[in-house]
Amino acid sequence: MENLIWLIPALPFTGALLLILFGLKMPKQLVPVIGAGSVGIAALLTILLGIRFLGSGVVFFHQQVWQWFQVDAFNPGIAFHLDALSLVFIFVITFVGFLIHLYSAEFMHDDADYSRFFASMNLFVGSMLVLVLADNLLLLYLGWEGVGLCSYLLIGFWYKEPANGYAARKAFIITRVGDTAMAIGLFLLFQHFGTLNIQEILIAAPQAWPVGSQIAVLVALLLVGGAVGKSAQLPLQTWLPDAMAGPSPVSALIHAATMVTAGVYLISRTYVLFELAPTAQLVVAIIGGATLLIAGFTALTQNDLKRVLAYSTISQIGYMFLALGVGAWSAAVFHFMIHAFFKALLFLGAGAVIMALHHEHDMTLMGGLRKKMPVVFWTFLIGSASLAAVPLITAGFYSKDQILWLGLAGERGSIWFYLAALLGAFVTSIYTFRMVFITFFGESKTPISHMPGFWMKLPLVVLAILSLAGGFIELPHNFIHMTLFSDYLAPVLPVVLINEKLAAMEWMFQLIAAAVALSGIYIAYLYFLKKPHLAHNLTRNKTAMALRDFWYSGWGFDALYHTLFVQPYVFFSKVNKGDAIDLFYTGITAVTQKLHHLFARTQTGMLRTYMMGILVGAFLILTLSLLL
């Protein structure tokens, strides 16, 4: 069975190839069969392979498909490494990806570029699978760049709108900044170890570098650069909200199951390097804490339904980075999995609402959908409850509570990390249920033009079940002490040590987290449903509105980058519109052409002219030889 690992990424790639070559010629009904079917078979194969892996008792499966190339002693292969960590990621990618493809079959049915959409989606899934299954960092980087390319294709899918093309270019360029840092980090790793095989590096690094080594810190920080670009963390987070230009299934795939979690996977996979570089690990925690707060407050001010969810994604990945930074490796991966369930659900639910309201994105123009779209409402409510970490009944509570607790009680924990995460949880519950109350309650403001069908509702129901039940595989120590998930990851990721002085107080911090989440929901209910005039009164306060505008702009990061990078680039482009740099090369060309014409004029075809030239030349040569 383990010899079939290669089929998991190969199936989506095959689907993409078929759709690229024959998509325009095949019957339209066959397009989603190939697009969704290839990912669905990959998901089924992943489940079967997972069962085989869990029953085998081994730590990993390895498969060498072929030798990629060889340069001296550097011989990377197309080879796959399946262990507990990569199995979690490929399960989420294929299973959630399959549900998104299934949803897309109906959502995108009337689009003129139906086959191009599924080809790009399949290519995206295949690239992400290569990324997480690669046994060497070069192959991982190939998948990493493949995901970047596909994000450009999908964000700008409706390319006839200039704004969509701009959003795609913005995502591509900003993530390239992080990718460049990551590439430099890979060069340094190869320079020191002579290989890019991940397992060999993880074994050799502790023997070559002491804890706190400058080179270890430098390499780890360069890898963080790549991670913050792909995962949209500070300071490279500005591309993700604009990525909403793509269709809603694209948003679900990018924001939930694939691209934005690549940075979490990279840091988790190379955790040994970060344990050798405590400074870099602390930077990861600080980035996560700052990002979850900045994105959370920004989400609180947005009216575009998908942009609320986009900033929410940035914030929730901030929680994962915070967990990675404090050494709570399995907690970060656990929240990744649960987040994939409820965030895919929320994006797909938002897509159903937007399509029903004739592509209206503004929440303030929605309302009254609770009874008109009951399946969408109840599933969206479940996803929102999980995002807001409603205690005891939602999966999001158990994954987020674990991060809150370990951010305080873990060996690298801090009261400041805990307070940042707690404040972020409070803001999350407010903006989440603000979204729910404005969208589904109150009076209807836009008539429904299209109701979602079975193939759009089915993924919502499945993801809603997972958003509730998925968290019960990892319960707190003071509950039933069920640690199936962390025990499963223990052979791959180290277990975080708990401060024994705080261990007995875990129940108190759980009550605080529960109270914070519920109080945020109550505030949202009070301000946006029960007494909306309270929220309206805030608009009369100049200070409150100035703060709101600042948050709404994403804390001014776009304006800052426009001033620091875009405007100078445009200025020098205008200065150089005449290609001043090329003048040197065009000058050489012009001189060459002049000399050519000059010498060409000597070719007269007359014998006496040639004889005269020979005599003059001989005379000059003799004269110079006598003088010298």
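The structure under discussion appears in the preceding block.
### Section: the packing of aromatic side chains
At step 1: Per the stated rule, a full pass over the model turns up 38 aromatic pairs.
At step 2: Taking 5.5 Å as the distance between ring centres and 85 degrees as the angle between the ring planes, the aromatic pair formed by Phe117 and Phe118 counts as edge-to-face.
At step 3: Pairwise contacts between aromatic rings join Phe377, Trp378, Phe380, Phe433, Phe437, Phe440, Phe441, Tyr522 and Tyr525 into one cluster.
At step 4: The ring of Tyr114 has Lys28 sitting right over it, with the charged end atom 5.1 Å from the ring centre.
At step 5: Note that Arg434 overlies the ring of Phe528, its terminal NZ or CZ placed 5.5 Å from the centroid.

### Focus: helix H7 (residues 198-208)
At step 1: Every buried residue of H7 is listed here: Ile198, Ile201, Leu202 and Ala205. Buried positions in H7, seen along its axis, are confined to an arc of 100 degrees and lie on one side of it. The exposed residues of H7 that point more than 90 degrees off its buried face are Ile203 and Gln207.
At step 2: Those residues of H7 that are buried are in contact with helix H5 (137-155), helix H6 (162-193), helix H11 (262-269) and helix H12 (271-275).
At step 3: In this structure Asn197 caps H7, since a side-chain oxygen of it lies 3.1 Å from the backbone nitrogen of Gln199.

### A word on the nonpolar core
Side chains of a nonpolar character, in soluble globular proteins, are inclined to be buried together.
At step 1: Judged by nonpolar contacts, the single largest core of 204 residues is most densely connected at Leu140, Leu189, Trp209 and Trp239.
At step 2: Apart from the residues within four sequence positions on either side, Leu189 is in contact with Leu137, Gly194, Thr195, Leu196, Ile201, Trp209, Val219 and Leu273.

### Overview of the pattern of salt bridges
At step 1: Taken as a whole and judged by the stated rule, the model has nine salt bridges.
At step 2: Glu145 is the salt-bridge partner of Arg176, the closest N and O atoms lying 3.3 Å from each other. Note that Arg176 is positioned in helix H6 and Glu145 in helix H5, a separation of 31 residues in sequence.
At step 3: A relative accessible area of 17% places Arg176 in the buried class.
At step 4: On the basis of relative accessibility, which here comes to 23%, the residue Glu145 falls in the partly exposed class.
At step 5: Linking Lys230 and Asp179 is a salt bridge whose minimum nitrogen-to-oxygen distance equals 3.2 Å. You can see Lys230 sitting in helix H8 (residues 214-230) and its partner Asp179 sitting in helix H6, a full 51 residues away along the chain. Judged on exposure class, the residue Lys230 and its partner Asp179 are both buried.
At step 6: One connected set of salt bridges, linked through shared partners, spans Glu145, Arg176, Asp179 and Lys230.

### Here's the deal with unusual backbone geometry
At step 1: With an omega dihedral of 0 degrees, the bond running from Leu234 to Pro235 counts as a cis peptide bond.
At step 2: Its location among the elements puts Pro235 in the loop between H8 and helix H9 (239-242).
At step 3: Look at Ala232: it is not a glycine, yet its phi comes out positive at around 55 degrees.
At step 4: Following the sequence through the fold, Ala232 ends up in the loop between H8 and H9.
At step 5: Judged by its relative accessible area of 0%, Ala232 falls in the buried class.
At step 6: Its identity is not glycine, yet Leu392 carries a phi of approximately 75 degrees, on the positive side.
At step 7: As for its position among the elements, Leu392 is in the loop between helix H16 (374-387) and helix H17 (395-409).

Criteria and cut-off values
- Residues numbered from 1 in each chain as written.
- Predicted model: local features only at pLDDT ≥ 70, side-chain atom pairs only at ≥ 80, totals over all residues.
- Heavy atoms only, no water.
- Phe/Tyr/Trp six-rings, centres within 6.5 Å; stacked < 30°, edge-to-face > 60°.
- Lys NZ or Arg CZ within 6 Å of the ring centre and 35° of its normal.
- Buried < 20%, exposed > 50% of the residue type's maximum accessible area, 1.4 Å probe, protein only.
- Helix = DSSP H or I, 4+ residues; strand = E, 2+ residues; numbered from the N terminus.
- Arc of directions from axis to C-beta.
- Contact = heavy atoms within 4.5 Å.
- Polar contact = N/O pair within 3.5 Å; in protein donor to acceptor, adjacent residues only side chain to side chain.
- Core = buried A, V, L, I, M, F, W, Y, C linked by side-chain atoms within 4.5 Å.
- Salt bridge = Lys/Arg side-chain N within 4 Å of Asp/Glu carboxyl O.

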